[in-house]
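# Descriptive structure summary
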Amino acid sequence: MTQQQQLMMTFRQIILMNFGFFGIQYSFGLQQTAINPIYSFLGADYGSLPLLNMAGPVTGLIVQPIIGALSDRTWVNGLGRRRPYFLIGAIGCSICLFFFPHVTALWMAVLMLWLLDISNNTAMEPYRAFIADTLPEKQQGTGFLMQSVFTGLGITLANVSLPIFQHLITGESAAGIPYWVYGSFYIGAFCSIGTVLISVFSTTEHRPTDAELAALRAKPRGLGVAIRDIFDAIKDMPKALRQLAVVYLFQWYALFIYWQFVTPSIAKSVWNATPENKELFAQAVGWTGWVNGWYNVVTFISAFGLMTLARKYPAKVVHAGAVSLAAIALLVFPHITDKYLLFVPMIGFGIAWASIMGVPFLIATAEIPKERYGVYMGVINMMIVIPMLIQTVTFGSIFNYVLGANPTNAMMFAGILLGLAAFFTLRIQTKQGQNLNA
């Protein structure tokens, strides 16, 4: 079915088709806020956190492009092209989230993160292509920014559940993991599969014509073909996507720093605590949940505003402005000693996060052919995870030997990188008037 043949969807239908993103992002929210403190509870030092988080970029680099290429050549009667993959991924996420807080050693936590990330990436990549496949071009921007809305909701619930359970549940496991962490992971296990099932059963994919289906099934399949598709997509990548890759290098390197060091930064600036002081550090972990939850509330609200702005202005201008707010936020954040004032700069960070999760995909979908949405969404994810992989390998040394092992300096360094991301966003050469009505 061509873009011209696709029917406009109601706002309710767009909400339902994206509802599964809520559960996927709840899992991602726990990775942002809870995983690194669990590592610290199990004895990891700050300098080792980047390497311990290598699962995310490595699995994203390998899994998402392959899943995207495979889904381009898939059609399952009754499920479609993309839904089989994010259904399988959601089941894996639920299982991993349920068992994660039961780990008893650092190596077990690292292994569980690898399994969780494989599942997350299996679910997330085809969800991007699902929006591009299903919605007509004029509604794709709304679809992608609706994913920002559910990103904000999912991550908010994940983050605020931590301090809520902290006040309701006491005690800790033999491994030193507080029992209040368990509740958040159990909710995530339920949300991951439950919300995806709502999207699977409420939204159907456009069935190819008989001729298209015959051509699809006549194409060669398998892992080798998928890998060739990935390399061909990279070779044929439009110039705007190559320029977007530069933006992503600075943007995602900085975001990975934030997620790894936000708790140490809050612990230092507000409580002057380290993981050795378990009581004070636990308070910082709980407050990180409130801070991250707050910026995702802002994400949820501001996504609607970004929909309006992206109808009036080029996508790159909207994104550059939003990312600039995050740069300012991280330059200010680590110097705030009042825990309540930490919420102020996070307003800018939340607006940027809404843009990051939606607006760049407007640039991408305008540049790539529809029949290659799956593989290119995987390639775009490579542009996300390669900076993360570089960060996991390099930032431990930068943190220890350049930034003086100081979480304050780490956050400011991330702010500078986000400023560079905003600058390079404005240099992207996009199609004329690239916005929601393009």
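It should be noted that the structure appears before, not after, this text.
Residues numbered from 1 in each chain as written. Predicted model: local features only at pLDDT ≥ 70, side-chain atom pairs only at ≥ 80, totals over all residues. Heavy atoms only, no water.

The subject of this paragraph is the state of the cysteines. Counted according to the given criterion, the structure contains zero disulfides. Cys93 supplies the cysteine sulfur nearest to Cys96, a cysteine that is in no disulfide, at a spacing of 6.9 Å. You can call Cys96 buried: its relative accessible area is 6%. Sulfur of Cys191: no disulfide; nearest cysteine sulfur belongs to Cys93 and is 12 Å away. Taking the relative accessible area as the measure of exposure, Cys191 reaches 9% and is therefore buried. (Disulfide = S-S within 2.5 Å. Buried < 20%, exposed > 50% of the residue type's maximum accessible area, 1.4 Å probe, protein only.)

In this section: the environment of Leu49. Inspection of the secondary structure puts Leu49 in helix 4 (residues 49-52). Look past the residues within four positions of Leu49 in its chain and what remains in contact with it is Asn36, Tyr39 and Gln260. (Helix = DSSP H or I, 4+ residues; strand = E, 2+ residues; numbered from the N terminus. Contact = heavy atoms within 4.5 Å.)

Moving on, we get to the side chain of Ser199. Examined against the element boundaries, Ser199 turns out to sit in helix 9 (residues 180-202). Polar side-chain contacts of Ser199 include one of 3.3 Å to the backbone nitrogen of Phe19. Apart from the residues lying within four places of it in its own chain, the contact partners of Ser199 are Leu16, Met17, Asn18, Phe19, Gly20 and Tyr127. (Polar contact = N/O pair within 3.5 Å; in protein donor to acceptor, adjacent residues only side chain to side chain.)

Core analysis: the biggest nonpolar cluster contains 139 residues, and Tyr258, Trp259 and Trp353 have the highest contact counts within it. Take this core: its biggest share by element is 19 residues, from helix 12 (residues 239-271). When sequence neighbours within four positions are dropped, the list of residues in contact with Tyr258 reads Val291, Asn292, Tyr295, Leu330, Met346, Phe349 and Met411. (Core = buried A, V, L, I, M, F, W, Y, C linked by side-chain atoms within 4.5 Å.)

Turning our eyes to something else, we now look at the pattern of salt bridges. Scanning all chains against the criterion turns up one salt bridge. The salt bridge partner of Glu205 is Arg83, with a shortest N-O separation of 3.6 Å. Linking Glu205 in the loop between helix 9 and helix 10 (210-218) with Arg83 in helix 6 (residues 83-99), this pair joins segments that are 122 residues apart in sequence. Arg83 sits in the buried class, given a relative accessible area of 6%. (Salt bridge = Lys/Arg side-chain N within 4 Å of Asp/Glu carboxyl O.)

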